[in-house]
2 protein chains.
Amino acid sequence: MDRVDKILAQWSRERPDLDTEAMGIMGRLKRLTTHLAREVDQVLQEQGLSSSSFDVLATLRRSGAPYRLSPGDLLSMTMVSSGTMTNRIDQLEKAGLVERVLNPDDRRSVLIALTKAGLAAVESAVGVHVANQQRLTKSFSAEEKAQLDTLLRKFLATFE
Amino acid sequence: MDRVDKILAQWSRERPDLDTEAMGIMGRLKRLTTHLAREVDQVLQEQGLSSSSFDVLATLRRSGAPYRLSPGDLLSMTMVSSGTMTNRIDQLEKAGLVERVLNPDDRRSVLIALTKAGLAAVESAVGVHVANQQRLTKSFSAEEKAQLDTLLRKFLATFE
DNA sequence: ACCGCATATCTTGACGTCAAGATAAATGGA
DNA sequence: TCCATTTATCTTGACGTCAAGATATGCGGT
């Protein structure tokens, strides 16, 4: 009888006509990801980064040397609007973690490049972040993790 | 090979020392819930409600007649800060869907009551919303839904 | 009866996000 | 070559959220 069960029980009493199976899954997903986001944010904040900033730095880092992508590339990898990406880059540039360099091939575009400080920040943060992710999923056995991943992959495939 | 697999492949190439199992689960969860939130928001918006507003109206509705709860009660059921709840109530009051009535038992407190229009709005929206949730999970068999729910319940229990 | 602490709600200021539109450069067909 | 269209990025204004603190009432021990 967790919090979501209590919500479903209320609905059953008030609106017995409603099928609550999907509600339960969606409700648990929502509450769960709210908790997870808070845990992740806290650890990244201890590294001096917001999760938004980390998201961009990590995308640049994993793209490989020379750690440069256009805003459009970043956009296509991160599920945010163009205005949000501009804002994220502005913040990171102000913090000295990335710089905008001219794109010689296309003057409409720029390249966002990790600075030395940006590379150092993300290299330091990513290890801590991954360890934190492992901590957050450690209540599952290897088999359960595989099962969950399979189900999430199938669910996600509905949308991507 | 979905989007998350591509991200994990990049990390494997750049940082083969990192174990990406937890990253995969967390990444899929995050992308999935972003998609789900957008789908849910869109349907509720067609009902004239934001998901924040619906959240409050639904909490009042499922609490049963006379559909009245204090802001503190609402707070304890909805994972938002007190300032956010005040703001949500303000919006709903402006829209005529709830009203603040004095709490005769405690003058520090007020009761948030569904108005006639608020009750009508949530009764209309909840059916459409639940149908939408069912649509969003319809790619799963009954067994898969049960399996997913079990795993999510266990995961959520880590935090609540 | 009083006073200090607890409780309940609201206020303030800062962020991150989005949708819609603005700006500027590239492209391709006539 | 030229211009209409497309592409790439940035700007603007509005929201929803939070943390921290303000305000007001209740409550319990002396």
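Residues numbered from 1 in each chain as written. Chains lettered and ligands numbered in written order. Predicted model: local features only at pLDDT ≥ 70, side-chain atom pairs only at ≥ 80, totals over all residues. Heavy atoms only, no water.

A.B. asks: Looking at this model, I keep getting lost on the overall build of chain A. Mind explaining?
C.D. replies: Each helix and strand in chain A was counted, giving seven helices and three strands. Moving toward the C terminus, one meets the helices and strands of chain A in the order α-α-α-β-α-α-β-β-α-α. A compact globule built from 160 residues should have a C-alpha radius of gyration of about 15 Å, whereas chain A, at 20 Å, is more than 25% larger. Taking the principal axes of its C-alpha atoms as reference, chain A extends roughly 65 × 30 × 25 Å. A buried classification covers 48% of the 160 residues belonging to chain A. A separation threshold of at least 6 residues defines the contact pool for chain A, and within that pool the share at least 24 residues apart is 45%. When the accessible surface of chain A is totalled, it reaches about 7900 Å², and 51% of it is carbon and sulfur. A distance of 3 Å separates the average location of the 22 positive side-chain charges in chain A from that of its 21 negative side-chain charges. (Helix = DSSP H or I, 4+ residues; strand = E, 2+ residues; numbered from the N terminus. Rg over C-alpha atoms; globule rule 2.2 N^0.38 Å. Buried < 20%, exposed > 50% of the residue type's maximum accessible area, 1.4 Å probe, protein only. Contact = heavy atoms within 4.5 Å. Areas by Shrake-Rupley, 256 points an atom, 1.4 Å probe, with all protein chains shown as cover. Lys, Arg positive; Asp, Glu negative; His and termini not counted. Charge placed at Lys NZ, Arg CZ, Asp CG, Glu CD.)

A.B. asks: Is there a simple way to explain the protein's contact with DNA strand C in this structure?
C.D. replies: Lining the immediate surroundings of DNA strand C are 21 residues, of which Thr84 and Arg88 of chain A together with Gly72, Ser82 and Ser109 of chain B lie closest. For DNA strand C, the fraction of atoms within 4 Å of the protein that belong to sugar or phosphate moieties is 71%. Here a phosphate oxygen of DNA strand C and a side-chain polar atom of Thr84 of chain A are 2.6 Å apart. Between DNA strand C and Arg88 of chain A, the relevant distance is 2.7 Å, taken from a phosphate oxygen to a side-chain nitrogen or oxygen of the residue. Elements with a minimum of two residues in the surface near DNA strand C: α5 (82-94) of chain A together with α4 (71-78) and α5 (82-94) of chain B. Within the surface near DNA strand C, the residues separate by chemical class into four nonpolar, 10 polar and seven charged. (Near = heavy atom within 4 Å. Polar contact = N/O pair within 3.5 Å; in protein donor to acceptor, adjacent residues only side chain to side chain. Nonpolar A, V, L, I, M, F, W, Y, C, P; charged D, E, K, R; others polar.)

A.B. asks: What exactly am I supposed to notice about the relation of the copies chain A and chain B here?
C.D. replies: Each of the two chain copies goes to the other by way of a rotation about an axis and a shift along it. In screw terms, the move from chain A to chain B is a rotation of 180° and a rise of 0.0 Å along the axis, fitting with an RMSD of 0.0 Å. The transformation relating the two chain copies, once decomposed into turn and shift, fits a two-fold axis. It is Leu148 of chain A whose C-alpha, among those of chain A, lies nearest the rotation axis, at 3.5 Å. The fraction of interface residues of chain A whose copies in chain B are also interface residues reaches 100%, indicating that both copies meet through the same surface. (Least-squares fit on C-alpha atoms with pLDDT ≥ 70 in both.)

A.B. asks: Quick question: what am I supposed to make of the sheet that holds strand β2 (residues 98-102) of chain B here?
C.D. replies: Residues and elements named next belong to chain B. Ordered by their spatial adjacency, three strands build an open sheet running β1-β3-β2, and the pairing between neighbours is antiparallel. Looking at the sheet topology across the chains shown, the edges are occupied by β1 (68-69) and β2. Summarising the sheet, β1 and strand β3 (residues 110-114) pair through two bridges and their orientation is antiparallel. Looking at β3, one finds that Arg68 is bridged to Ala113. (Pairing = 2+ DSSP bridges.)

A.B. asks: Looking at this structure, I do not really get the interface of chain A and chain B. What am I missing?
C.D. replies: Reports often express the size of an interface as the amount of accessible area lost when the parts come together. Residue-level contacts link 63 residues of chain A with 63 residues of chain B. For the pair chain A and chain B, the two sides together bury roughly 6800 Å², of which 65% comes from carbon and sulfur. At the boundary of chain A and chain B, one finds 14 salt bridges. Close ionic contact of Glu123 of chain B with Arg15 of chain A constitutes a salt bridge, the shortest N to O distance being 2.5 Å. Taken together, chain A and chain B are joined by 20 residue pairs in polar contact (both at pLDDT 80 or more). (Buried area = accessible area lost by both parts, 1.4 Å probe. Salt bridge = Lys/Arg side-chain N within 4 Å of Asp/Glu carboxyl O.)

A.B. asks: Quick question: what am I supposed to make of the packing of aromatic side chains here?
C.D. replies: When we look at a pair of aromatic rings, we describe it by the centre distance and by the angle of the planes. Within the structure shown, the criterion is met by four aromatic pairs over all chains. Taking 5.0 Å as the distance between ring centres and 85° as the angle between the ring planes, the aromatic pair formed by Phe140 of chain A and Phe155 of chain B counts as edge-to-face. Taken as a pair, Phe140 of chain A in the loop between α6 (116-136) and α7 (142-157) and Phe155 of chain B in helix α7 (residues 142-157) lie in two separate chains rather than in one. Aromatic ring contacts, followed pair by pair, group Phe140 of chain A together with Phe155 and Phe159 of chain B into a single cluster. (Phe/Tyr/Trp six-rings, centres within 6.5 Å; stacked < 30°, edge-to-face > 60°.)

A.B. asks: What is the right way to read the UniProt feature "domain: HTH marR-type" (unreviewed entry) in chain A from this model?
C.D. replies: Here, the residues flagged by UniProt with the feature "domain: HTH marR-type" (unreviewed entry) are residues 22-157 of chain A. Counted over residues 22-157 of chain A, helix gives 70% and strand 9%. Its end C-alpha atoms are 18 Å apart. (UniProt positions renumbered as here; feature names shortened; annotations may be inferred.)

A.B. asks: Explain the protein's contact with DNA strand D to me, please; I cannot follow it from the model alone.
C.D. replies: Taken together, 21 residues surround DNA strand D, and among them Gly72 and Ser82 of chain A together with Thr84, Arg88 and Arg108 of chain B come closest. Here, DNA strand D places atoms within 4 Å of the protein, and 72% of those atoms are sugar or phosphate. Interatomic distance of 2.9 Å between a side-chain N/O atom of Ser52 of chain B and a phosphate oxygen of DNA strand D. In the model, a sugar or linking oxygen of DNA strand D is placed 3.4 Å from a nitrogen or oxygen of the Arg108 of chain B side chain. The set of elements that each furnish at least two residues to the surface near DNA strand D consists of α4 (71-78) and α5 of chain A together with α5 of chain B. Grouping the constituent residues of the surface near DNA strand D by class yields four nonpolar, 10 polar and seven charged.

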